[in-house]
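Structure at a glance
Letter by letter, the chains look like this.
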Amino acid sequence: MNHTILRMKEIEKAFNGITVLDKVNFEVKTGEVHALMGGNGAGKSTLMKILTGVYQLDEGSIEIDGEYQQFSNPSDAEKVGVSMIFQEFSLIPKLTVAQNIYLHYEPRKAFGMINDKKMVSDSRKIIADMGISISPNDLVENISLGYWQMTEIAKALSKNTKILIMDEPTSTLTKSETKTLFSIIRRLKESGITIIYISHRMDEIFEVCDRITVLRNGTNVITASCADITMEALINNIVGGSMGQSLKWIERPIKENRKPILEVKHLQSGSRVKDVSFTLYEGEILGMAGLMGSGRSETVRAVFGVDAISGGEVHVRGSKKLIFSPKEAIQEGLGLVPEDRRSQGLVLEHSVKENTILPSLGALSRRQIIQNSQADEKVEALVKKLKVKTDDIHKTVSLLSGGNQQKLVLAKWLLNDTDILILDEPTSGVDIGAKAEIVEIIREIADSGKAVLVVSSEMTELLAMSDRILIMKDGEITSSIDRKEIKGEEEVERAIQVEK
Amino acid sequence: MPSKLKNSLSLFDWRQYIVYIAFVLVLIYFSITLAEEGFMTTGNILNIARQTAMISIMGVAMTFVIASKEIDLSVGSIAALSAITTALTMQQGLGMITAIIVGLATGLAVGFVNGYLVTKVAIPSFLVTLAMMMIARGVAMWLSGTAPVPILSENYIFLFGSGSVLGVPILLFWTLLIAIIGYIVMRKSVFGRQTLATGGNETAATFSGINTNRIKMTVFMASGMMAGLAGMLYAGRLQAGRFTFGEGDELSVIAAVILGGTSLFGGVGTVVGTVIGSVMIGTINNALILQGLDVSQQMVVQGAIIILAVAFGSKKRKS
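Residues numbered from 1 in each chain as written. Chains lettered and ligands numbered in written order. Predicted model: local features only at pLDDT ≥ 70, side-chain atom pairs only at ≥ 80, totals over all residues. Heavy atoms only, no water.

Formally: UniProt positions are given in the numbering used here, feature names are shortened, and annotations may be inferred rather than shown by experiment.
Naming follows an unreviewed UniProt entry, where chain B appears as Ribose transport system permease protein of Sinobaca qinghaiensis. Note on chain B: under the UniProt heading Subcellular location (unreviewed entry), the record states "Cell membrane".

The name an unreviewed UniProt entry assigns to chain A is Ribose transport system ATP-binding protein, from the organism Sinobaca qinghaiensis.

In structure tokens form, the structure reads like this:
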């Protein structure tokens, strides 16, 4: 049982000269469930992408079962038994469970015809071994999301997997589905399969894992047995000294008798937003923290009129508003910087100017004709103010970097003079330099009297700018903490982890 | 500065102007090879303008439809239906003005139904307008009893098709009028920008406060109305309403739009390109007739040109 199945030694990897992994060591024993933890940008996913052959390492070595391996693509890794289950499913809804399990590996019979019988019976066997009850002949689109995950696992098992990597496997699961998943994990473990488990959820890790490795800023921090480490110690290791220099908290003065501008009362929407209440004041930066799947994005989508509200009220400037579309939300003075700037925030094929003026066309036009010189002037000024790196406002935004694109999504709402700015993961996929600049811009916006609500998974930036932080868990706001009372990242981490 | 020059040269995307380049080459080629047949005479050029007017007018509206990432296959049939309703109204003695209103309203109404089914019932526009292509032509046949409905009003015939002012055919004025309006709306107006944003990224457009369903509704209604106008021009030119008007026009119109540089993937649209595309197709057809080729050969050449132009003009999509 103490045989080491995987040994990754002194792994180094850099992208465009920026070091992402610096001499990382990672060892996993046969038949264990090994948790891999770390904050955003710690290097977990890069390390796993190297292990699965998606990226190639710059320096270092990978040993599996004592043999050195070199993976130049994902199928090389699959051949020696390494499979990964991603957060986004790769199933085809219109095919059956069995057809999905054996996609690209269909058992054949004479003349290259697919052997359907064998495919179904083999699938049935794998599913039975996992101890779950789905039929291999069900269409994937007809089974619940939880079983999609199980189908993904079955797919991995069909390929004689020895090492199975799971990336945030419970983020889309309900409580009972999570239980089923854990019992599958235990069965797999008994049958000798090794599991690498990536998650931010501490309680789950303590429940299902044997050992833990923590990465921070691309280096090893600790590898320990779960029995030997407390949650406090683990959080300390993940957070470390990362209350970094570039993103320090600057206390902002809170005005006396400031007015509430946005009040959300017992909001319900979809299955993720169950009972959300909070108040946002003028000039305030309100942070919203929570785990993936806790309903943060869904809350802001409902407030902004993207998703339908099924219960509760939204009050703007003291009076109740019925908001059924983003258009109506914008008329009330709201603006949303959405989670995914490429698919929701920008028209990539259009220019910097064309994107920036989109919400403000009404104000920039006279008798429906756009006043181009006035628009150019305003966009030029904003581009300068936000330090967007582009040689021309008529340049296509797809040619700009992530950080500059994100600044443009912000610019849209600055041009529109929005009173209530909602930001959903404003710095995701943005380099550290641009990140600090964006935090600075957000502070300036709030200083000018506007209200800002920030949803973020990056504790460092949340702590750097928020005046107050809301903790969201399973579709409800569980607490609201003044920034002044927060001593460190650990406290917030604990708050978003702990059961109600 | 040489580096700046190089930069602006690489920014110059010749593909965007492929239709203009091709059009000039086609003109030069035929004016040399067909000099004796009278290709470049004023009479022949005005003839081309007359022949392409209806395609150009429908193309201007179709540019908006395609730029918003939709399609309208019903335009040819709407043209026939509007021609019939206009002619029937005049036959009933209700006067020219009423007839004009009825003709335009017919197109607008069919466009409204198209838009409603696409935005509210959420059926893809390809299917909605494919079905509407059959329905509208069926109604046109039914109303007319498959017989031509003659138009006797000389004013109508003059205004809608056969007239000319100072030797310039009235159809050319119609084409220019619609093209100029289309150009201004596409390039300068709020609506044009919102149409392009809707086609370029509907989610981002919605998140920016654009009512994308309203945009789509409007482009379908505009497309229906312009198809109605085209049908009325056919009727004026041939002095009767016929249910056969505009058969196959939807394909010529879409070809002209795509040839002009509007993207089938939405988000990019050029009205001037569409008109040039339409005139280019008309010019080639005209030249092939002068050269003595028959209709079957014209069709082959027309198809080949569309493939060539789109192949040269399309940038390889990034994977």
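Considerations on a nonpolar patch on the surface
As a reminder, the rule being used: Any residue with relative accessible area above 30% and no salt bridge may belong to a patch, with like charges joined within 9 Å and the nonpolar Val, Leu, Ile, Met, Phe, Trp and Tyr side chains within 5 Å. Here the accessible surface of atoms and residues is derived via Shrake-Rupley with a 1.4 Å probe, and residues count as covered only by protein chains that are part of the display. Note on definitions: salt bridges are taken to be side-chain nitrogens of Lys or Arg within 4 Å of carboxyl oxygens of Asp or Glu. What counts as a helix is a DSSP run of H or I of at least four residues, what counts as a strand is a run of E of at least two, and both are numbered from the N terminus.
A cluster of nonpolar side chains, Phe158(B), Leu159(B), Val165(B), Leu166(B) and Phe173(B), forms an exposed patch at the surface whose accessible area comes to about 490 Å². Turning to its location among the elements, Leu166(B) is positioned in the loop between β2 (164-165) and β3 (168-169).

Some thoughts on the interface of chain A and chain B
Going by this rule: The contact criterion used is simple: two residues touch if any of their non-hydrogen atoms lie within 4.5 Å. For any pair of parts, buried area is found by adding up, for both, the accessible area (1.4 Å probe) each one loses once the two are put together. Side-chain atoms alone can form a polar contact between residues adjacent in sequence; in general such a contact is a pair of N or O atoms within 3.5 Å, and within protein one must be able to donate a hydrogen while the other accepts it. Under the scheme applied here, ten amino acids are nonpolar (Ala, Val, Leu, Ile, Met, Phe, Trp, Tyr, Cys and Pro), four are charged (Asp, Glu, Lys and Arg), and all others, including Gly, are polar.
Across the contact, 28 residues belong to chain A and 22 residues belong to chain B. Together chain A and chain B conceal approximately 2,000 Å² of surface at their shared face, both sides included; 62% is due to carbon and sulfur atoms. Across the contact surface, chain A and chain B share one salt bridge. Scanning the region where chain A abuts chain B turns up eight residue pairs in polar contact (both at pLDDT 80 or more). Those elements that provide at least two residues to the side of chain A that touches chain B are α10 (326-331), α11 (341-345), β18 (369-370) and α14 (402-415) of chain A. Among the elements that make up the side of chain A that touches chain B, the one with the highest residue count is α11(A) (four residues). Looking at side-chain class alone, the side of chain A that touches chain B contains 15 nonpolar, seven polar and six charged residues.

Quick notes on the pattern of salt bridges
Any two side chains of opposite charge can pair if their charged atoms end up close together. Residue and element names in this part refer to chain A. The condition is simple: Exposure is judged per residue with a 1.4 Å probe applied to protein chains only, and the accessible area is read against the type maximum: over 50% gives exposed, under 20% gives buried, and values in between give partly exposed.
Overall, the coordinates contain 32 salt bridges over all chains when judged by the stated rule. Across the pair Arg 211 and Glu 32 runs a salt bridge whose closest N-O atoms are separated by 3.0 Å. On the criterion of sequence distance, the pair formed by Arg 211 in strand β9 (residues 211-216) and Glu 32 in the loop between β2 (18-29) and β3 (33-37) is long-range, its members being 179 residues apart. By relative accessible area, which is 17% here, Arg 211 ends up buried. The class for Glu 32 is buried, based on a relative accessible area of 6%. Ionic pairing is found between Arg 317 and Asp 419, a salt bridge with its closest N-O pair at 2.7 Å. Of this pair, Arg 317 sits in the loop between β14 (311-316) and β15 (319-321) while Asp 419 sits in the loop between α14 and β19 (420-424), placing them 102 residues apart in sequence. According to the relative accessible area criterion, Arg 317 is partly exposed, its value standing at 42%. Judged by relative accessible area, Asp 419 falls into the partly exposed class, the value being 29%.

What to know about the sheet that holds strand β6 (residues 82-85) of chain A
Residue and element names in this part refer to chain A. The line we're drawing: In this scheme, strands are said to pair when DSSP sees at least two bridges between them. To get an axis, fit a line to the C-alpha atoms, keeping to the stretch in contact for a helix; angles then go from 0 to 180 degrees between the N-to-C directions.
Overall, mixed pairing links the six strands, which are arranged β6-β7-β8-β3-β9-β10 in an open sheet. Of all the strands in the sheet, just β6 and β10 (219-225) have a single pairing partner and so form its edges. Each neighbouring strand pair of the sheet contributes to a mean axis angle of 20°, computed without reference to strand direction. Pairing analysis gives four bridges linking β3 to strand β8 (residues 194-198), with the strands arranged parallel. Counted as the bridge partner of Val 33 is Ile 195 from β8. In this fold helix α5 (residues 145-157) packs onto β6 and β7 (163-167), with an angle of close to 170° to the strand it touches most, β6. Together, β3, β9 and β10 form the strand contacts of helix α8 (residues 231-239), whose direction differs from that of β9 by roughly 30°.

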